[in-house]
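The residues making up each chain are set out below.
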2 protein chains.
Amino acid sequence: MLENIRIVLVNTSHPGNVGGVARAMKNMGLSDLCLVAPNDFPSEAAVVRASGATDLLDNARIVPELTDAVADCHLVIGASARGRHIPWPVIDPREMAAIVSEVQPQLRVAIVFGREDRGLTNEELHCCHQHVHIPSVEGFSSLNLAAAVQVIAYELRMMALSGAAVEKPRWGTPWDIDLADSGEIERMFQHLESTLVDIEFLNPDNPRQLMPRLRRLLLRAVPDKVEVNVLRGILTAVNKKVGGG
Amino acid sequence: MLENIRIVLVNTSHPGNVGGVARAMKNMGLSDLCLVAPNDFPSEAAVVRASGATDLLDNARIVPELTDAVADCHLVIGASARGRHIPWPVIDPREMAAIVSEVQPQLRVAIVFGREDRGLTNEELHCCHQHVHIPSVEGFSSLNLAAAVQVIAYELRMMALSGAAVEKPRWGTPWDIDLADSGEIERMFQHLESTLVDIEFLNPDNPRQLMPRLRRLLLRAVPDKVEVNVLRGILTAVNKKVGGG
């Protein structure tokens, strides 16, 4: 789905922002960048901020008008501040990603971002099927251009990955060790309890809620086999010190 | 919920990025910024990129160590690339927002971002309950610092606006005891480490992965104050036995 999405920047003033957009796009798996009449581009400032995404800058298409940028697109979404003169369908970035995910793979989507200071004109916004608004704070609502593209690209990537949600390992990298089974856990708790008696921390005649509290703590963490062995190793080291004391 | 969230930046190199972070935070309704040993700050470059969010820069707290920045926090989440030496619980930004939304309003959350070039050290990551990873493209995975904060702040704002937070507090009540804060947790780990050296289970000249494994185990469980006191009581009982042995 991400290959069919084009990011269009209209009349960008600061080339550094174009570089920041290229980096944000490449981080999120987007590659199709189109610039409508950019100011001061190509530029070293763009290359610096791109931080390695120079392939996107090199391949960026430069056109004179927004209509040129979106001519071959089937769904055009414009980034917009709130409160335009004529009400228009406004969606948030997550709703936008859901709509884009339903577009057929042979069709092309454009997401259009306006000038740093003034955004898109009403005329440009009226070229768009939908307007997407990032829900910023009223009174301080204008995001940096690259930051706005980052949020939109992030939502698109989250949507693209959700199709393959099965893949994602819950623990970042696959957990390195098998979980301990209940038998191992129970033997660990028995060892803990007898050691606590040995060091006179647990009074068997008045145990209070000590073991339940320790069980609750450690069971919440769902220990793996190595963790259980480490804990038992510590208990054995204590046993030796106390026995030999 | 957003008032209780602190953004912590560790050893930022480029002050412009601090300004970009301040802008991203203010756009999304966050205001608590803490800088750990920043390079070249305060700075005009930060003010320029902040684009009006100078109140956040003026109010930013500057501290020498990460532990100072998170001492009064109850849930600490570190931004991380994938694939660390020891696997640690890793969540995506949306899962992170869901977890943060369940934190009780009187508790404080820190979200920690590392250096532009190298992120957080393993030692810093091992101070965190959870690691959050923005699902970027493998091979081009490093986001600009302000862009990363923008994505995280956006997810937090989307969650705050959804109003879903009210229903089911997983943290605190109906839990019987307040959660331990990071300062209490760190002192507990220091006590644990010195005790493990005393009982000759931990060799300071060859510590291997012992403390990271124990940190990972206990931080997963998110201990409350009584649990931390129980663990420290056990350590003190061991200290007495070993000292008197």
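All residue numbers refer to positions counted from 1 along the written sequence of the respective chain. For naming, the first written chain is A and the first written ligand is 1, with later ones following in the order written. Local features in a predicted model are, by the rule used here, given only for residues with pLDDT of at least 70; side-chain atom pairs are given and counted only at 80 or more, and totals for whole chains, interfaces and linings are based on all residues. Side-chain descriptors were evaluated using all non-hydrogen atoms of the structure, hydrogens and water having been removed beforehand.

Novice: A description of the layout of surface pockets should follow, citing residues and the corresponding values.
Specialist: Only protein atoms enter the 1 Å grid used here, on which a cavity is any set of points holding a 1.4 Å probe that cannot leave and a pocket is any open set flanked by protein within 12 Å on both sides along at least five of seven lines; residues with an atom within 4 Å of a point are listed as lining. Grid points are joined across faces, edges and corners, and a volume is the space filled by probe spheres set on the points. Considered as a void within the structure, the largest pocket measures approximately 940 Å³ in volume. Around the largest pocket sit 46 residues that line it, and Ser 142, Leu 143, Asn 144 and Leu 145 of chain A together with Arg 23 of chain B are the ones nearest its centre. Mapped by element, the contributors of at least two residues to the lining of the largest pocket are α1 (15-28) and α7 (145-162) of chain A together with α1 (15-28), α2 (44-50) and α7 (145-162) of chain B. Of the residues forming the lining of the largest pocket, the biggest block, six residues, is contributed by α7 of chain A. Residues of the lining of the largest pocket, tallied by class, amount to 18 nonpolar, 19 polar and nine charged. A helix here means a DSSP run of H or I that spans at least four residues, while a strand means a run of E at least two residues long, and both kinds are numbered starting from the N terminus. Under this grouping Gly is polar, as are all residues other than the nonpolar Ala, Val, Leu, Ile, Met, Phe, Trp, Tyr, Cys and Pro and the charged Asp, Glu, Lys and Arg.

Novice: With reference to specific residues and values, describe the packing of aromatic side chains.
Specialist: The pairing test for Phe, Tyr and Trp rings, Trp by its six-membered ring, is centres within 6.5 Å, and the orientation test on the planes gives stacked under 30 degrees, edge-to-face over 60, and tilted for anything in between. Counted under the stated rule, the structure contains zero aromatic pairs over all chains. Lysine NZ or arginine CZ positioned within 6 Å of the ring centre and within 35 degrees of the ring normal marks a charge as sitting over the ring. The side chain of Lys 26 of chain A reaches across the aromatic face of Phe 140 of chain B, ending 4.7 Å from its centre. A cation sits over an aromatic face here: Arg 215 of chain B above Phe 189 of chain B, 4.5 Å from the ring centre.

Novice: Mind laying out the interface of chain A and chain B, listing which residues take part and the relevant values?
Specialist: Throughout, a contact is declared for two residues whenever any of their heavy atoms are within 4.5 Å. Across the boundary between the two partners, chain A contributes 67 residues, which contact 68 residues of chain B. Note: buried area is the sum, over both parts, of the accessible area (probe 1.4 Å) each one loses when the two are combined. Carbon and sulfur atoms make up 65% of the area that chain A and chain B hide from each other, which totals about 5700 Å². When residues of chain A are sorted by the area they lose upon contact with chain B, Phe 140, Tyr 154 and Lys 241 of chain A head the list and together hold 12% of the total. The rule for a salt bridge is simple: a side-chain nitrogen of Lys or Arg has to be within 4 Å of a carboxyl oxygen of Asp or Glu. On the surface where chain A and chain B come into contact, there are nine salt bridges. Ionic pairing is found between Arg 216 of chain A and Glu 227 of chain B, a salt bridge with its closest N-O pair at 3.4 Å. In protein, a polar contact means a hydrogen-donor-capable atom and an acceptor-capable atom, both N or O and within 3.5 Å, with residues adjacent in sequence counting only if both atoms are side-chain atoms; elsewhere, any N or O pair within 3.5 Å suffices. Counting across the chain A and chain B interface gives 24 residue pairs in polar contact (both at pLDDT 80 or more). At the level of secondary structure, the elements contributing two or more residues to the side of chain A that touches chain B comprise α1, α2 (44-50), α5 (93-101), α7, α8 (182-198), α9 (210-221) and α10 (225-243) of chain A. Sorting elements by how many residues they give to the side of chain A that touches chain B places α10 of chain A first, with 10 residues.

Keep in mind these numbers describe shape, not what the thing actually does.
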